[in-house]
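Coordinate inspection notes
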Amino acid sequence: MDKSEKLALILSMMLLSLFFGAIVYASMARNIEVPTCITDVEPFLTDTLFQTGPDEYELQMVARMWAFQPSVIRLPKGSTLNLYLTSQDIIHGFKVERKNVNLMAAPGAINYLQVTFDEAGEYKFACHEFCGAAHHTMAGRFIIEDDSNEPETAE
Amino acid sequence: MGSDQNTEEEFTPRGAMAFFIVLLLFFITVYFAIYFQMLSWG
């Protein structure tokens, strides 16, 4: 093999190793959650939000053509949300802006991710997997409030 | 004929090597720009 080709190959492999190492560092040292699929629990059919501890909430969210249920979620600032997501019909996507939340909503399975909202404000979320004629309308928002109001959801 | 062969043997693809290095630097910049943005989101 030519010397230049060998050097290019080695440099490329070193770069890929660096990228892979950076991902491993983020998930292990920085404790960043990785989306998990739960297959041994029967998927729920209705949405629920409840408090499981101080500043900790559980949200069971259902995606369907063409809405998230619930689509508006109010939480106090500093809340940690355990998000369980499933779908009633077909595969949908779930992406929250300004957050590392990127899940699939699949019928027959529940996808789980934990997310903490440290800053007050509005975080919009949307379906990012094309799911039919009104896919572009399938969206909602988290409203994170400074004062510690009771959490609530709305359709 | 003989001088042509000598020229070919001495050829070093400097342009291609420079382009490759710039390409790698570009990949590193794009990758880590997105990477640190995602880390800041937590």
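Not measured: the values here are computed from a predicted model. (Residues numbered from 1 in each chain as written. Chains lettered and ligands numbered in written order. Predicted model: local features only at pLDDT ≥ 70, side-chain atom pairs only at ≥ 80, totals over all residues.)

**Some remarks on the overall build of chain A**
Within chain A, the regular secondary structure consists of one helix and 12 strands. Order of helices (α) and strands (β) in chain A, N terminus to C terminus: α-β-β-β-β-β-β-β-β-β-β-β-β. By the compact-globule yardstick of 15 Å for 155 residues, chain A is too spread out, its C-alpha radius of gyration being 19 Å. For the C-alpha atoms alone, the extent of chain A along its principal axes is close to 65 × 35 × 30 Å. Across the 155 residues in chain A, those meeting the buried criterion constitute 20%. When contacts within chain A are restricted to residue pairs at least 6 apart in sequence, long-range pairs at least 24 apart make up 63% of them. (Helix = DSSP H or I, 4+ residues; strand = E, 2+ residues; numbered from the N terminus. Rg over C-alpha atoms; globule rule 2.2 N^0.38 Å. Buried ≥ 20, exposed ≤ 12 C-beta atoms within 10 Å, placed from the backbone. Contact = placed C-beta atoms within 7 Å.)

**What about the domain arrangement of chain A?**
The domain boundaries assigned to chain A delineate domain 1 (1–32) and domain 2 (37–154). Taken over C-alpha atoms, the centre of domain 1 of chain A sits 34 Å from the centre of domain 2 of chain A. (Domains from an automatic or database assignment.)

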